[in-house]
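Remarks on the overall topology
Okay, here's what each chain looks like letter by letter:
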Amino acid sequence: MAIVSVRDLHREYQQGNLTVRALNGVSLDIEPGEFTVLMGSSGSGKTTLLNCMGALDHPTSGTVTVDGTDLASLSEGQLSDLRLTKLGFVFQAYNLVPVLTAYENAEFVLLLQGVPSAQRRERVLQTLDAVGLKELATRRPAELSGGQQQRVAVARAIAGKPALVLADEPTANLDSKTGHALIDLMRGLNEDHGITFVFATHDPKVMDAAKRIVKMEDGKILEDVRR
Ligand SMILES: Nc1ncnc2c1ncn2[C@@H]1O[C@H](COP(=O)(O)OP(=O)(O)O)[C@@H](O)[C@H]1O
Ligand SMILES: [Mg+2]
């Protein structure tokens, strides 16, 4: 069964008296274990699609099903539960809590999930190790480089063992070497731990790592290639 199924999705935004069709009839299935890149120029609808898949935005019409559940049938409380237990997010701007250490940022989701403390500690240490940050666990975001901060964001996204990680332009604020290292890291987590990733980018260099490339333009899918 697909982790996420999107059917004939439309999302319209009102800009003054202009209607912008951010998504204009998108259908897409994400299967377990996939490593999918959403490509497309700025404004093509990538963020809107990720936000709809991640229950952060409501479509104008069409359906999003996560793990067999139609998001439209859930209350706001149930949606936030679903985000907490089934999804991980990595954003362009890292979005770490500045007063918390790398360890505490990664632990945050597990606290919200109610994971008992011994198990929490083991899971956070494993996760920081997986992203190569075990030695930097006690640093706060301001004491880390951009690449290291984004690794903390990846650790936070995967610590709760989500079915799917959604990453929106995760390398946009990184130089190309650091960006590549981050993509390699995510690809490794995909290979070694079976974590399913969908990430948006407009950087063609990122395509090399993708197992599946979905090309978007004007709110539509132009091309969908597995390799
Ligand atoms: N909150 C919003 N209000 C109005 N228009 C929006 C909003 N979010 C996105 N849009 C518009 O929807 C289109 C798609 O945007 P977006 O999904 O952010 O594309 P991408 O991530 O590919 O750059 C753009 O034309 C953008 O201006
Ligand atoms: Mg975007």
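As the structure is a prediction and not an experimental result, all values here were calculated from the model. (Residues numbered from 1 in each chain as written. Chains lettered and ligands numbered in written order. Predicted model: local features only at pLDDT ≥ 70, side-chain atom pairs only at ≥ 80, totals over all residues.)

**Some words on helix α1 (residues 46–53)**
The line we're drawing: Here a residue counts as buried when 20 or more other C-beta atoms fall within 10 Å of its C-beta, as exposed when 12 or fewer do, and as partly exposed in between; the C-beta atoms come from the backbone. Counting from the N terminus, the helices are the DSSP runs of H or I reaching at least four residues and the strands are the DSSP runs of E reaching at least two.
Within α1, six of the eight residues are buried, leaving the element largely enclosed by the surrounding structure. Two residues or fewer past α1, A55 is found with a positive phi of approximately 60 degrees.

**Concerning the pairing of strand β6 (residues 87–90)**
To keep it simple, the criterion reads: For two strands to be treated as a pair, DSSP must find no fewer than two bridges joining them.
Every second residue of β6 is oriented toward a common face, with L87 and F89 on one face and G88 and V90 on the other, all of them buried. Here four bridges tie β6 to strand β7 (residues 164–168), and the two strands are oriented parallel to one another. Paired with V90 across the bridge in β7 is A167.

**Side note on the sheet that holds strand β3 (residues 35–39)**
Definition in use: Note on geometry: axes are C-alpha line fits, over the in-contact stretch for helices, and angles between N-to-C directions span 0 to 180 degrees.
If you trace the six strands from one edge of the open sheet to the other, you get β6-β7-β8-β3-β9-β10, paired in mixed fashion. Of all the strands in the sheet, the pair left with one neighbour each is β6 and β10 (220–226). The average undirected angle you get between the axes of adjacent strands in this sheet is 15 degrees. Where β3 meets strand β9 (residues 212–217), four bridges bridge the pair, whose relative direction is parallel. Across the sheet, M39 pairs through a bridge with K215, a residue of β9.

**Section: the site of ligand 1**
As a reminder of what qualifies: A residue counts as near a molecule or strand when its C-beta atom, positioned from the backbone, falls within 6 Å of it. Polarity classes work like this: nonpolar for Ala, Val, Leu, Ile, Met, Phe, Trp, Tyr, Cys and Pro, charged for Asp, Glu, Lys and Arg, and polar for all others, with Gly in that last group.
Residues in close proximity to ligand 1 include Y13, Q15, V20, A22, G40, S42, G43, S44, G45, K46, T47 and T48, which together make up its full environment. Broken down by secondary-structure element, the contributors of at least two residues to the shell around ligand 1 are β1 (4–15), β2 (18–30) and α1. Take the shell around ligand 1: its biggest share by element is three residues, from α1. Of the residues that constitute the shell around ligand 1, the class distribution is three nonpolar, eight polar and one charged.

**Observations concerning the packing of helix α5 (residues 146–159) against helix α6 (residues 176–193)**
Condition: Each angle receives one of four descriptions, namely roughly parallel if under 35 degrees, roughly antiparallel if over 145, roughly perpendicular if within 65 to 115, and oblique otherwise. By convention, the crossing between two helices is left-handed when the near helix turns anticlockwise from the far helix through less than a right angle, and right-handed when the turn is clockwise. What counts as a contact is two residues whose backbone-derived C-beta atoms lie within 7 Å of each other.
In contact at an axis separation of 10 Å, α5 and α6 are set at 20 degrees when each is read in the N-to-C sense. Judged on the interaxial angle alone, α6 and α5 are roughly parallel. Like other packed secondary-structure pairs, α5 and α6 cross with a definite hand, here right-handed. Here G146, G147, Q150, R151, V154 and I158 of α5 lie close against α6, whose contacting residues are T178, A181, L182, L185, M186 and L189. Considered class by class, the residues forming the contact of α5 with α6 number seven nonpolar, four polar and one charged.

**What to know about the packing of helix α3 (residues 102–113) against α5**
Where α3 contacts α5, the two axes come as close as 8 Å, and the packing angle between them is 25 degrees. By the angle between their directions, the pair α3 and α5 is classed as roughly parallel. Handedness of the α3/α5 crossing: right-handed. Facing α3, whose interface residues are A102, N105, A106, F108, V109 and L110, α5 presents V152, A155, R156 and A159. Of the residues that constitute the contact of α3 with α5, the class distribution is eight nonpolar, one polar and one charged.

As far as function goes, none of this settles anything; it's purely spatial.
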